[in-house]
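A structural walkthrough
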Amino acid sequence: MTRDGGQTDEELAARAAGGDRAAFDGLVRRHKVALYRFVRRYVGHSEDAYDVLQNTFLSAWRGLPRYDAARPFLPWLRTIALNKCRDFGRRQFVRRLMLRAHATEPVDPPGLTAEADLESVEAYRLGRVDAAIAKLPPFYKEPLLLTIVSGLSHIEAAKLLKTTPKAIEMRVYRARRKIQDAAGDFKTEG
């Protein structure tokens, strides 16, 4: 049982694998917010993130018959989300090549002065950091998002990405440096 008295993810997944849509809906409700945060930071745009998240849950639903209920559900779901993010990134890269479009650099918001309200400045800073994260290569972006946004330990992220915890630590450090360089004087948290 879980803290809220409900079934565990693994129990719900086993029921969902048998065709129980309500059990799957329970899994979606449990994990959609955290997965959305991860996907949103990976793809860079909220509309795209919703599409990727929807594809993640659709793939999870279709893949439930192959899910091994003896293994934890959440890492399995995160792996699907990560793969959908990678697929999205590849499609975007191909589209840019085909259309010869170039990403535009963020511009200063109009009227950004000392008198600008704090909320606008914070939104602008967050937008610059989000844009810098979205532009990171997957080699750095994936460990950063798995540890900082999804809250995995370096050991858990290393298992998911099939590398060592030390490699995760190094990639997260370098990702933060790249974000600081790309976003200017705005610092990342942590």
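Overview of the structure. If you're wondering where the values come from, they're calculated on a predicted model, not measured in any experiment.

Thresholds applied
Residues numbered from 1 in each chain as written. Predicted model: local features only at pLDDT ≥ 70, side-chain atom pairs only at ≥ 80, totals over all residues. Heavy atoms only, no water. Helix = DSSP H or I, 4+ residues; strand = E, 2+ residues; numbered from the N terminus. Buried < 20%, exposed > 50% of the residue type's maximum accessible area, 1.4 Å probe, protein only. Contact = heavy atoms within 4.5 Å. Areas by Shrake-Rupley, 256 points an atom, 1.4 Å probe, with all protein chains shown as cover. Arc of directions from axis to C-beta. Salt bridge = Lys/Arg side-chain N within 4 Å of Asp/Glu carboxyl O.

Quick notes on the overall build of the chain
A tally of regular secondary structure across the chain gives 8 helices and 0 strands. Secondary structure elements of the chain, listed N to C terminal, follow the sequence α-α-α-α-α-α-α-α. Looking at the chain residue by residue over its 190 residues, the buried ones come to 35%. When contacts within the chain are restricted to residue pairs at least 6 apart in sequence, those whose partners lie at least 24 apart make up 59%. When the accessible surface of the chain is totalled, it reaches about 11900 Å², and 54% of it is carbon and sulfur.

A few points about the environment of Lys 135
You can see Lys 135 is positioned in helix H5 (residues 118–135). On the basis of relative accessible area, Lys 135 is assigned to the partly exposed category, the value being 45%.

Thoughts on helix H7 (residues 154–161)
Considered for burial, the residues of H7 that qualify are Ala 157, Ala 158, Leu 160 and Leu 161. The arc that holds the buried residues of H7, viewed along the axis, is 165°, so those residues lie on one side. Opposite the buried face of H7, by more than 90 degrees, sit the exposed residues Ile 155 and Lys 159. Lys 162, located one to two residues past H7, shows a positive phi value of around 55°.

Some details on the pattern of salt bridges
Tallying each qualifying case throughout the model produces 5 salt bridges. Among the salt bridges present, the one from Glu 142 reaches Arg 86, with a minimum N-O distance of 2.6 Å. One end of the pair, Glu 142, is in helix H6 (residues 138–149); the other, Arg 86, is in helix H4 (residues 73–99), and 56 residues separate them in sequence. The salt bridge partner of Lys 166 is Glu 169, with a shortest N-O separation of 3.5 Å. With Lys 166 and Glu 169 both in helix H8 (residues 165–183) and 3 residues apart, the pair spans about one turn of that helix.

Brief notes about the environment of Arg 21
Along the chain, the position of Arg 21 falls in helix H2 (residues 21–43). The exposure class assigned to Arg 21 is partly exposed, which follows from its relative accessible area of 46%. A C-alpha to C-alpha distance of 9.1 Å links Arg 21 and Trp 61, two positions 40 residues apart in sequence.

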